[in-house]
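Observations on the three-dimensional arrangement
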Amino acid sequence: MTKLGGLQPWHWVIVIAVFVLLFGAKKLPDAARSLGKSMRIFKSEIKEMQADSKSDTRESDAAGRAAPPTPIASERVETAPETEQPSDKRPA
């Protein structure tokens, strides 16, 4: 009797065979290498974000108040100069 969620060794054999058939034996090492590189980059970015968060917390504690958050690119609002007025008239 098998568990619902547990993979048996023959399940792994089938999964590996499907990957070899889909991607080919030559591309699998490159794919694994690029996946490992992506994971290392992701881990380093997470560590950097945690370090930035800790330094921001220390700076806000030293100042006695929290620093205002910096808006990200999607939150920035571009405003048109006040001199430009949209016209309702169509060119003739």
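Source: prediction; values computed, not measured.

The helix and strand tally for the protein chain stands at two helices and zero strands. For the protein chain, with 92 residues in total, the buried portion stands at 1%. When the accessible area of the protein chain is evaluated, it comes to approximately 9,500 Å², of which 62% is carbon and sulfur surface.

Look at the UniProt record and you will see "transmembrane region" (unreviewed entry) annotated at residues 12-29. For residues 12-29, helix accounts for 83% and strand for 0%, while the C-alpha atoms at its two ends are 18 Å apart.

Taken together, the side chains of Glu 45, Glu 48, Asp 52 and Asp 56 make up a negatively charged region of the molecular surface. The exposure class of Glu 48 is partly exposed, given its relative accessible area of 44%.

The terminal C-alpha atoms of helix α1 (residues 9-23), which comprises 15 residues, lie 21 Å apart, in line with the 21 Å expected from a rise of 1.5 Å per residue. Where α1 terminates, the next one or two residues include Gly 24, which has phi positive at roughly 85°.

Moving on, we come to a nonpolar patch on the surface. A contiguous nonpolar surface patch, about 1,100 Å² in accessible area, is contributed by Leu 7, Trp 10, Trp 12, Ile 14, Val 15, Ile 16, Val 18, Phe 19, Val 20, Leu 22 and Phe 23. Along the chain, Leu 7 turns up in the segment before α1.

Our next topic: the packing of aromatic side chains. If you walk through the whole model with that rule in mind, you get one aromatic pair. Residues Phe 19 and Phe 23 carry aromatic rings whose centres are separated by 5.9 Å and whose planes lie at 20° to one another, so their mutual orientation is stacked. Of this pair, Phe 19 and Phe 23 are both found in helix α1, four residues apart, which corresponds to roughly one turn of the helix.

Parameters and conventions
- Residues numbered from 1 in each chain as written.
- Predicted model: local features only at pLDDT ≥ 70, side-chain atom pairs only at ≥ 80, totals over all residues.
- Heavy atoms only, no water.
- Helix = DSSP H or I, 4+ residues; strand = E, 2+ residues; numbered from the N terminus.
- Buried < 20%, exposed > 50% of the residue type's maximum accessible area, 1.4 Å probe, protein only.
- Areas by Shrake-Rupley, 256 points an atom, 1.4 Å probe, with all protein chains shown as cover.
- UniProt positions renumbered as here; feature names shortened; annotations may be inferred.
- Patch = residues over 30% accessible without salt bridge, like charges linked within 9 Å, V, L, I, M, F, W, Y side chains within 5 Å.
- Salt bridge = Lys/Arg side-chain N within 4 Å of Asp/Glu carboxyl O.
- Lys, Arg positive; Asp, Glu negative; His and termini not counted.
- Charge placed at Lys NZ, Arg CZ, Asp CG, Glu CD.
- Expected span 1.5 Å × (residues − 1).
- Phe/Tyr/Trp six-rings, centres within 6.5 Å; stacked < 30°, edge-to-face > 60°.

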